[in-house]
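Observations on chain architecture
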Amino acid sequence: MDIICKEPKLLFGSSKFYSLNESILKLFLKQDDLAMEELDIWQYLLKWGLAQMENKINVDNVTNWTLENFEQLEEILHDYIPLIRWFHISPKDFWRKIKPFKKLLPDQLYEDIIGQNLDPETPPNTGEVQPIRCPPSNSCLIGEKHFALISSWIDKKPKNFYNFKTKPHSFELLFRASKNNFDIKTFHQLCDNKGPTIMISKSKYNDKLIGGYNPLNLKAYGSGIDTWTECSDSFIFHFPIPDSINSAQIARVKDPQYAVSYRTNAGPSFGSGWDLTIEIGKVMRCNLISSYPGISDFITAGTTLSLDEYEIFKVVKK
């Protein structure tokens with residue numbers, strides 16, 4: 001169970017998956033630490049259901065399915081539908097990749113998902129929203145291979161990056177925004193004066209991940225509610241394809257004088273005013289690009305992103 005939750009494609013990517021016992025499949029779908037995107041879990045489940053049908057139909061030709069096809073597949077998947085954490089699938093993916101299978105979902109559940117996508121502050125009628133799955137790394141957003149790459153960036157390795165076994169840093173979760181209601185005061189209580197940290201965030205309306213590394217202690221660097229300090233080793237990073245470390249982009253600080261900022265009424269902040277800052281209201285802003293010019297490859301000045309989640313990890317040298 002632990003091995004497959006950490007590396008689920010060992011099972012889900014195997015041909016044996018399609019003959020998996022129903023009770024075992026349910027057991028995996030109930031796991032909070034199953035390290036897969038919810039959309040991928042649904043797509044594997046859909047293929048598993050199709051494999052159980054007597055009359056085989058093609059998942060790619062859903063427009064040609066008959067009402068009988070939908071009814072048979074719904075009967076097979078009926079007990080599994082509630083195990084998918086629908087509210088953690090991006091609105092774009094839901095509209096493009098799940099809407100064609102609308103007839104498989106209960107009407108009220110479908111309405112609740114559409115309602116959440118349009119108005120996230122209104123609770124669904126079908127019950128409490130299940131939490132996002134958290135893989136064994138203790139991150140809900142990235143895996144061990146991402147941490148290994150970030151560890152390589154911290155040590156400024158130009159090539160021969162660390163892997164999850166050789167990385168010389170451990171990453172201890174200090175703060176998860178959704179668990180703490182995105183509360184800025186709690187962020188400071190849990191993250192101030194803890195030494196070097198990394199921040200990882202996920203946008204609400206796409207799967208892109210943006211984060212940053214602060215090699216210094218998070219604390220007031222002077223007087224005032226917004227203060228700055230000099231640092232030459234900080235960086236901001238971006239994973240446009242969350243599951244692919246090959247897609248990663250890094251922007252190292254070029255103006256060290258205002259590399260890192262401490263904001264009493266805001267979350268982690270980088271740059272002079274600011275290249276990247278998390279503020280009250282579950283938003284991340286890029287006000288201007290100055291200290292980290294490389295971020296212009298993946299974000300533009302004046303951008304405001306609604307966040308689905310962000311996490312803070314303490315970086316510890318082994």
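Above this text you will find the structure in question.
As a starting point, this report considers the structure included with it.

Cut-offs applied
- Residues numbered from 1 in each chain as written.
- Predicted model: local features only at pLDDT ≥ 70, side-chain atom pairs only at ≥ 80, totals over all residues.
- Heavy atoms only, no water.
- Axes fitted to C-alpha atoms, helices over the stretch in contact; angles between N-to-C directions.
- Helix = DSSP H or I, 4+ residues; strand = E, 2+ residues; numbered from the N terminus.
- Parallel < 35°, antiparallel > 145°, perpendicular 65-115°, else oblique.
- Contact = heavy atoms within 4.5 Å.
- Nonpolar A, V, L, I, M, F, W, Y, C, P; charged D, E, K, R; others polar.
- Phe/Tyr/Trp six-rings, centres within 6.5 Å; stacked < 30°, edge-to-face > 60°.
- Buried < 20%, exposed > 50% of the residue type's maximum accessible area, 1.4 Å probe, protein only.
- Arc of directions from axis to C-beta.
- Polar contact = N/O pair within 3.5 Å; in protein donor to acceptor, adjacent residues only side chain to side chain.
- Salt bridge = Lys/Arg side-chain N within 4 Å of Asp/Glu carboxyl O.
- 1 Å grid on protein atoms, 1.4 Å probe; cavity = no way out; pocket = protein on both sides within 12 Å on 5 of 7 lines; lining within 4 Å.
- Points joined across faces, edges and corners; volume = space filled by probe spheres on them.

Close contact between helix α3 (residues 22-29) and helix α4 (residues 38-51) brings their axes to 12 Å; oriented N to C, the two are set at 170°. Relative to α4, α3 is oriented roughly antiparallel. Residues E22, L25 and L29 of α3 touch α4, and the partners they reach there are I41, L45 and W48. Here the contact of α3 with α4 is composed, by residue class, of five nonpolar, no polar and one charged.

For the rest of this paragraph, the subject is the packing of aromatic side chains. Applying the stated criterion across every chain yields a total of 25 aromatic pairs. Ring centres of W153 and F235 lie 5.9 Å apart, and the angle between their planes is 80°; this geometry places the pair in the edge-to-face category. Of this pair, W153 sits in helix α8 (residues 144-154) while F235 sits in strand β5 (residues 235-239); the two residues are 82 residues apart in sequence, bridging distant segments of the chain. Comparing W153 with F235, the two get one shared label, buried. Between W228 and W274, the aromatic rings sit 5.7 Å apart at their centres with planes inclined by 15°, giving stacked as the arrangement. In this pair, W228 is assigned in strand β4 (residues 226-229) and W274 in the loop between β8 (269-270) and β9 (276-279), connecting sequence segments 46 residues apart.

A few words on helix α5 (residues 67-77). Taken residue by residue, α5 has N69, F70, L73 and L77 as its buried positions. Looking straight down α5, one finds that the buried residues subtend no more than 95° of arc, so they occupy a single side. Exposed and oriented more than 90 degrees from the buried face of α5 are L67 and E75. Buried residues along α5 sit in contact with α4.

Another point: the environment of N138. Tracing the backbone shows N138 in the loop between α7 (107-118) and α8. For the pair N138 and E311, spaced 173 residues apart in sequence, the C-alpha to C-alpha distance is 9.9 Å. When neighbours within four sequence positions are excluded, N138 is seen to be in contact with L173, R176, E311 and F313.

Turning to the side chain of H188, a few remarks are in order. Position of H188 among the secondary structure elements: in helix α9 (residues 184-191). When its relative accessible area of 10% is taken as the criterion, H188 is described as buried. Within the structure, H188 has its side chain in polar contact with the backbone oxygen of T264 (distance 3.4 Å). Not counting chain neighbours up to four residues away, the residues in contact with H188 comprise Y262, R263, T264 and A266.

Further remarks concern the pattern of salt bridges. Overall, the coordinates contain 12 salt bridges when judged by the stated rule. Note that D226 and R263 form a salt bridge whose closest N and O atoms lie 3.2 Å from each other. A residue pair is termed long-range when its members are at least 10 positions apart, and D226 in strand β4 and R263 in strand β7 (residues 260-263) qualify at 37 residues. Since its relative accessible area comes to 24%, D226 is described here as partly exposed. Look at the salt bridges and you will find they share partners, linking D226, R263, E279 and R285 into a network.

Taken as a whole, the largest pocket holds about 970 Å³ of empty space. Taken together, 35 residues make up the lining of the largest pocket; nearest its centre are H88, Q116, K204, K282 and D308. Those elements giving two or more residues to the lining of the largest pocket turn out to be α7, β2 (197-203) and β11 (303-317). Class assignment for the residues of the lining of the largest pocket results in 14 nonpolar, 11 polar and 10 charged.

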